[in-house]
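Here is how the chains run, residue by residue.
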Amino acid sequence: MLNGRETEKLLEQYPQYRDAMFCRGYLLTTDAQVRGEAYPFYGKWKALDIRNFRLWIHPYQDYTLVRKENADFLLIGHAYDPFHMVAQEEQLLETCAQGYPKGETAFFDCINDWTGIFALFVFDDTGLLAVQDCAGIKGVYYGTVNGETVLTSHPQLVADLYDLARDPFVQKLVTNRFYNIGNRYLPGDISPYPPLKRIGANVYLKACDGAFSVHRFFPTEPHPEYTSSEDYDKAIQKAYEILHNGIDLVSQKWKDGYISLSGGTDSKTTLACANGLYDRFGYFSFQSKDTEIVDSEAAHRICEKLGLDHKIYKIPSENAEVEDFDVLKEIIEHSSGYIRSLSDNEIRKHIYFYRRNEIGVEVKSWISEIVRVFFDRKYGIKMPEKLTPRHFSIFQTRYFLSPSLLKKSDKIYREYMQKFDLASPKFNYEHTDLYYWEVRMSNWGMMVTTSLDICHRITFPFNNRRLMVLLLSLPREKRVTDEVHSDIIRLANPTIYETHEHVQNKYFKSKRILLEKVYYKYRTIFYKDRG
């Protein structure tokens, strides 16, 4: 693990990789002393003054700024509106600016229409407001350092600038040998550096004079429940239209888009909803380990049925085959704050696509996992109506032989659940669905996407709040069996549905489910929340 000064020395030795450090990142700060010609910006990051803030933004990162008399609106990333078929961010921000003075409801109603990966910042006389895309995929970390307000996509960037000390708990957690079992992310809203916290999906941040507060804006009411066959069919049709429109807008925004495919439920649904637009995209899978061969070959057979050209990228199988592997691995791990713990095959995949530089935007699909009742299937049991901090902890990672780390995680999650108003289910939204949406996707999903920023742009047609509400309004029993996704596929492209190609999720195999159930019972049966 390198500190900022050591990483700076590394990039002095390998200046050709400076663009890979904190790729597609940003820094918003009130600190006017930050020097743009020095590490990590090297005179390449663009600087913009917005009221009393300065924005530093990576040269590959998309952004849009609309200045108005009473407020300035900054969108970092990209967005598009599949309801009104708006592809350009400037037009979206103009509409957003009209809604902002009317109050919170009008403002968030506008944003709820948007698909994409973005962080939206509003600057006015009361301070700053920050809110993310539907699933919180564009990272927003915030805090006060040396008396200055900072907001960033990469906490390690701030740590390097200010020589921050790493959180001892985080260091113990990520170096624990069981941390790499399952998904890897930190509990609650913490970062590797104590001055910085993270926001997530369905909340917004207010910042004023170094003070911060987090507020929930969604959900504000129960979602519909479509139980009749007529309502169900209408909802399936609407879901298809939203996805199809979003994919259409992607093709308008970028001419070199590729849909990545695995043969699984999520990517098949995206591919089906691209029907009628197939000539606008390329299609690909990759093989960086043995288990991905099955995925890519299933995707290839589906594309053959559709007459589509499908590329399978074969990632080098040995580190020695990759030029400067150790250097680029250090850059990737440093950018992530040393909390992703990527395997070498994943690092090789990152480097491979970083060097190819041929994909303008990758269309990915796994945001749709939010509605697929994941935890019931993973553990083979019905989850309780109300979750405890212990549930949040064990959903996050394994804590074998680590009682002190587990207790600390419980404490962090207890505070997080209160701070983010997530201690109980909201209306008729299931607690586990909200956890998957607001914690797992906004944390693990955000970190995965941020690390992949070194490769190329990524977009998710599923990453739309109104679409998530629509899908969660469909019967639970149809969501847990993937009947919802199957019916969308059948409507959108019957040929894909009739191929019967399906790659089973590794989590849903019987032996794995049994082991997960044993661990779940072991960690919850005697737990009492004494918060």
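Check the entry above for the structure.
Predicted model only: the values in this text are computed from it and were never measured.

This paragraph deals with the overall build of the chain. If you tally the helices and strands in the chain, you get 19 helices and 17 strands. Computed over its C-alpha atoms, the radius of gyration of the chain comes to 22 Å, within 12% of the 24 Å expected for a compact globule of 531 residues. The C-alpha extent of the chain, read off along each of the three principal axes, is 60 × 60 × 55 Å. For the chain, with 531 residues in total, the buried portion stands at 63%. When the accessible area of the chain is evaluated, it comes to approximately 21,100 Å², of which 48% is carbon and sulfur surface. Side-chain charges in the chain split into 69 positive and 71 negative, and the spacing between the mean points of these groups amounts to 6 Å.

An ideal rise of 1.5 Å per residue puts 24 Å on 17 residues; helix α13 (residues 403-419) measures up with 24 Å between its terminal C-alpha atoms. Looking only at α13, the buried set comprises L405, L406, S409, D410, I412, Y413, Y416 and M417. Summarising the contacts, the buried residues of α13 are in contact with α5 (168-174), β10 (196-198), α12 (389-396), α14 (431-452) and α19 (510-524). One or two steps after α13, the chain reaches D421, where phi turns positive at roughly 55°.

The next subject is the sheet that holds strand β14 (residues 282-287). The sheet built from five strands is open, its strands ordered β15-β14-β13-β16-β17 with parallel pairing. Every interior strand has two partners, whereas the edge strands, β15 (310-314) and β17 (457-459), have only one. Ignoring strand direction, the axes of neighbouring strands in this sheet form an average angle of 35°. For strand β13 (residues 257-260) and β14, the ladder comprises three bridges, and the chain directions are parallel. By the bridge assignment, Y258 is partnered in β14 with G282. Helix-sheet contacts for helix α8 (residues 291-306) involve β14 and β15, and the interaxial angle to β14 is about 160°. Sheet strands in contact with helix α10 (residues 344-356) are β14 and β15, and its direction is about 120° off that of β15.

With that out of the way, let us pick up the packing of helix α6 (residues 229-253) against helix α15 (residues 465-472). Following both chains from N to C, one finds α6 and α15 inclined at 155°, their axes separated by 10 Å at the closest point. On the basis of their axis angle, the class for α6 and α15 is roughly antiparallel. Considering only the axes of α6 and α15, their crossing is left-handed. Judged by residue contacts, A235, K238, A239, I242 and L243 of α6 engage L467, L470 and L471 from α15. Within the contact of α6 with α15, the residues separate by chemical class into seven nonpolar, no polar and one charged.

Conventions used here
Residues numbered from 1 in each chain as written. Predicted model: local features only at pLDDT ≥ 70, side-chain atom pairs only at ≥ 80, totals over all residues. Heavy atoms only, no water. Helix = DSSP H or I, 4+ residues; strand = E, 2+ residues; numbered from the N terminus. Rg over C-alpha atoms; globule rule 2.2 N^0.38 Å. Buried < 20%, exposed > 50% of the residue type's maximum accessible area, 1.4 Å probe, protein only. Areas by Shrake-Rupley, 256 points an atom, 1.4 Å probe, with all protein chains shown as cover. Lys, Arg positive; Asp, Glu negative; His and termini not counted. Charge placed at Lys NZ, Arg CZ, Asp CG, Glu CD. Expected span 1.5 Å × (residues − 1). Contact = heavy atoms within 4.5 Å. Pairing = 2+ DSSP bridges. Axes fitted to C-alpha atoms, helices over the stretch in contact; angles between N-to-C directions. Parallel < 35°, antiparallel > 145°, perpendicular 65-115°, else oblique. Left-handed = near helix turned anticlockwise from the far one by under 90°. Nonpolar A, V, L, I, M, F, W, Y, C, P; charged D, E, K, R; others polar.

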